[in-house]
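Examining the three-dimensional arrangement
Spelled out, the chains give:
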Amino acid sequence: MQDKKLLRVLGGETVFPPPLWMMRQAGRYLPEYRAVREKAGSFLDLCYNPDFAVEVTLQPIRRFNFDAAILFSDILVVPHALGRDLRFVEGEGPRLTPIEAAEIPRLGEVNNFHAHLAPVYETVSRLRAELPQETALIGFCGAPWTVATYMIAGRGTPDQGPSRLFGYREPKAMAALLSKLAKVSADYLIRQIDAGADAVQIFDSWAGVLDEASFEAWCVEPVAEIVRRVREKHPATPIIGFPRGAGSLYAGYRERTGVTALGLDWSVPLSQARALQVGGAVQGNLDPLRLVAGGRALDEGVDLILDALGNGPLVFNLGHGITPDCPVENVDRMVKRVRAVQG
Ligand code: CP3
């Protein structure tokens, strides 16, 4: 029998209490993360040094015994491996040199993509060796649209205006960029699975800013391409899709992309989540600020999700990443509450 609860649920089984992990579970809310981060120097040094990356991946597992560990890295190592410059500015976030349409055909030509990412693959294989047998290891990549938004704007923006405009003005260049990213991201996930990842998640954090036609062309189609390519090599590995903010466009996303499970943000009503669960596992979707608030707000949020979704295949998670200001004791409270309930 499969001893990893996460994989049982992704396979469609109902397991209660549900398996549990948190997006961004290795991060600044943990004092032990901040200590390693300090030692590493820059955020990218942390991502590319397997000693550090393994250590910070394991920290939340030691503390909370989550059912899954997620590889510590960042979605932006993919454009970095394609030769785009990347740095993280303290307190502000990522900075890249904005890409121009004319540069897209030559993207990645002179760079050895997999050699650049070799430390990530080493991190995955060391993690698989060090993790307890029952803890699943999740690999990940950014979805092409979300990665492209940072490549085009050179930074985070509130509504991805620069990338939407780029796509409308230069549709061929946008299609070429997304297609290139889909190919290399599929290769990247395949290597992570080769190295020992049990499941993978595709983060489309900016899916929610698009109209219906652009969502289809820029989110659904490139993710479907990744899924097709990964399945050719690894047909049995579950793939979680997380099109954050997709709203009513969540309906049909699983079927059209081929992902195994749906990651839901907290704006998805639980009644809609219940309907989505008919097609397979769902993951989510506690508001990360309920976790920051703690107390009654937290307990109520946990109970509502368990009541609505606990009778079907559910992976308990937040609706987006944990924030750096979150009190560690609230995470403890959430874990205890999810695991205390009896089905
Ligand atoms: O979930 C995990 O614990 C695994 C590690 C992980 C990180 N980033 C570490 C990180 C994962 C899965 C990501 C994904 C990621 N990175 C996404 C998609 C998910 C999401 O949150 O929407 C995006 C959009 C990025 C790009 C990115 N990386 C931004 C915009 C920022 C700056 C914002 C911030 O929180 O500081 C990062 C930096 C980053 N990635 C940090 C961590 C722990 C904080 C950097 C630090 O420690 O100094």
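Residues numbered from 1 in each chain as written. Predicted model: local features only at pLDDT ≥ 70, side-chain atom pairs only at ≥ 80, totals over all residues. Heavy atoms only, no water.

**Here we look at the pattern of salt bridges**
Put simply, the test is: Think of a salt bridge as a Lys or Arg side-chain nitrogen and an Asp or Glu carboxyl oxygen that are within 4 Å of each other. Accessible area is worked out with a 1.4 Å probe on protein chains only. A residue is then buried under 20% of its type maximum, exposed over 50%, and partly exposed in between.
Going through the model one piece at a time under the given rule, you end up with 19 salt bridges. Residue arginine 95 is joined to glutamate 92 by a salt bridge in which the shortest nitrogen-to-oxygen separation is 2.4 Å. Take glutamate 92: its relative accessible area is 55%, and that puts it in the exposed class. Through salt bridges that share partners, Asp299, Asp303, Arg333 and Arg337 make up one connected network.

**What about the site of the ligand?**
For clarity, the cut-off: A molecule or strand has a residue near it when one of that residue's heavy atoms lies within 4 Å. Each polar contact in these results corresponds to two N or O atoms within 3.5 Å; when the atoms are within protein, one needs to be able to donate a hydrogen and the other to accept it, and residues that are neighboring in sequence are counted only if both atoms are side-chain atoms. Here the open area of atoms and residues is found with the Shrake-Rupley method and a 1.4 Å probe, where only the protein chains shown may cover a residue. Elements are defined by DSSP. Helices are runs of H or I of four residues or more, strands are runs of E of two residues or more, and each kind is numbered from the N terminus. Here the term charged refers only to Asp, Glu, Lys and Arg, the term nonpolar to Ala, Val, Leu, Ile, Met, Phe, Trp, Tyr, Cys and Pro, and the term polar to all other amino acids, Gly among them.
The environment of the ligand is formed by 22 residues, the closest being Arg24, Arg28, Tyr33, Ser205 and His320. Taking serine 205, its side chain carries an N or O atom lying 2.5 Å from an oxygen atom of the ligand. Take histidine 320: an N or O atom from its side chain is 2.7 Å from an oxygen atom of the ligand. A total of 870 Å² of accessible area belongs to the ligand in isolation, and the protein chains cover 88% of it. Elements represented by at least two residues in the shell around the ligand include exactly helix H2 (31–40) and strand E3 (93–96). Split by residue class, the shell around the ligand holds 13 nonpolar, five polar and four charged.

**Details of the sheet that holds strand E4 (residues 136–142)**
Here is the rule: Any two strands are treated as partners once DSSP identifies two or more bridges connecting them. To obtain an axis, a line is fitted to C-alpha atoms, over the contacting stretch when the element is a helix, and the angle between two such axes runs from 0 to 180 degrees between their N-to-C directions. Contacts: residue pairs with any heavy atoms within 4.5 Å of one another.
Ordered in space as E1-E4-E5-E6-E7-E8-E9, the seven strands form an open sheet in which the pairing is parallel. The sheet is open, and its two borders are formed by strand E1 (68–70) and strand E9 (314–318), each paired with just one other strand. Sheet twist, expressed as the average angle between the axes of neighbouring strands with direction ignored, equals 25 degrees. In the sheet, strand E7 (residues 261–263) pairs with strand E8 (residues 282–286) via two bridges, with the strands oriented parallel. Its bridge partner lying in E8, glycine 263 is registered against glutamine 283. Sheet strands in contact with helix H10 (residues 171–195) are E4 and strand E5 (199–204), and its direction is about 165 degrees off that of E4.

**Considerations on the environment of proline 98**
Counting through the fold element by element, proline 98 comes out in the loop between E3 and helix H6 (113–116). Linking proline 98 and methionine 174, residues 76 residues apart in sequence, is a C-alpha distance of 13 Å. Beyond its immediate chain neighbours, meaning those up to four positions away, proline 98 contacts Arg84, Glu103, Met151, Ile152, Ala153 and Gly154.

**Structural notes on unusual backbone geometry**
The omega torsion of the bond from phenylalanine 16 to proline 17 falls at -5 degrees, within 30 degrees of zero and hence cis. Mapped onto the fold, proline 17 is located in the loop between helix H1 (5–10) and H2. Backbone geometry places arginine 24, a non-glycine residue, at a positive phi of 60 degrees. Note that arginine 24 resides in the loop between H1 and H2. Residue class for arginine 24 comes out exposed when judged on its relative accessible area of 55%. Phi is positive for asparagine 65, which is not a glycine, with a value near 50 degrees. With respect to the element layout, asparagine 65 can be found in the loop between helix H4 (50–64) and E1.

**Let's talk about the side chain of asparagine 317**
You can see asparagine 317 is positioned in strand E9. Note on asparagine 317: relative accessible area 0%, which makes it buried. At 3.0 Å, the side chain of asparagine 317 forms a polar contact with the backbone nitrogen of methionine 23.

**Topic: the packing of aromatic side chains**
The test is simple: Aromatic pairs are defined between Phe, Tyr and Trp rings, using the six-membered ring for Trp, whenever the two ring centres lie within 6.5 Å; interplanar angles under 30 degrees are classed as stacked, those over 60 as edge-to-face, and all others as tilted. Placement of a positive charge over a ring is assigned whenever Lys NZ or Arg CZ falls within 6 Å of the ring centre and within 35 degrees of the normal to the ring plane.
For the structure on display, the rule yields 11 aromatic pairs. Ring geometry for phenylalanine 43 versus phenylalanine 72: centroids 5.9 Å apart, planes at 80 degrees, classification edge-to-face. Taken together, the residues phenylalanine 43 in helix H3 (residues 43–48) and phenylalanine 72 in the loop between E1 and helix H5 (77–81) connect sequence positions 29 residues apart. In this structure, phenylalanine 43 and phenylalanine 72 share a single accessibility class: buried. Between tryptophan 145 and tryptophan 218 the ring centres are 5.5 Å apart and the planes differ by 20 degrees, which places this aromatic pair in the stacked class. Remark: tryptophan 218 occurs in helix H11 (residues 212–233) and tryptophan 145 occurs in helix H8 (residues 144–153); sequence separation between them is 73 residues. Per residue, the accessibility class of tryptophan 145 equals that of tryptophan 218, and both read buried. In textbook terms, an aromatic cluster arises when at least three aromatic residues are bridged by ring pairs, as seen for Tyr33, Phe43, Phe72 and Phe88. The ring centre of tryptophan 206 lies 5.3 Å from the NZ or CZ of arginine 244, which sits over that ring.

**Comments concerning the side chain of arginine 37**
When you line up the elements, arginine 37 lands in helix H2. In terms of polar contacts, arginine 37 uses its side chain to reach the backbone carbonyl oxygen of glycine 41, at 3.0 Å. In this structure, arginine 37 is in contact with Ser42, Phe43, Leu46 and Glu90, ignoring residues within four places of it in sequence.

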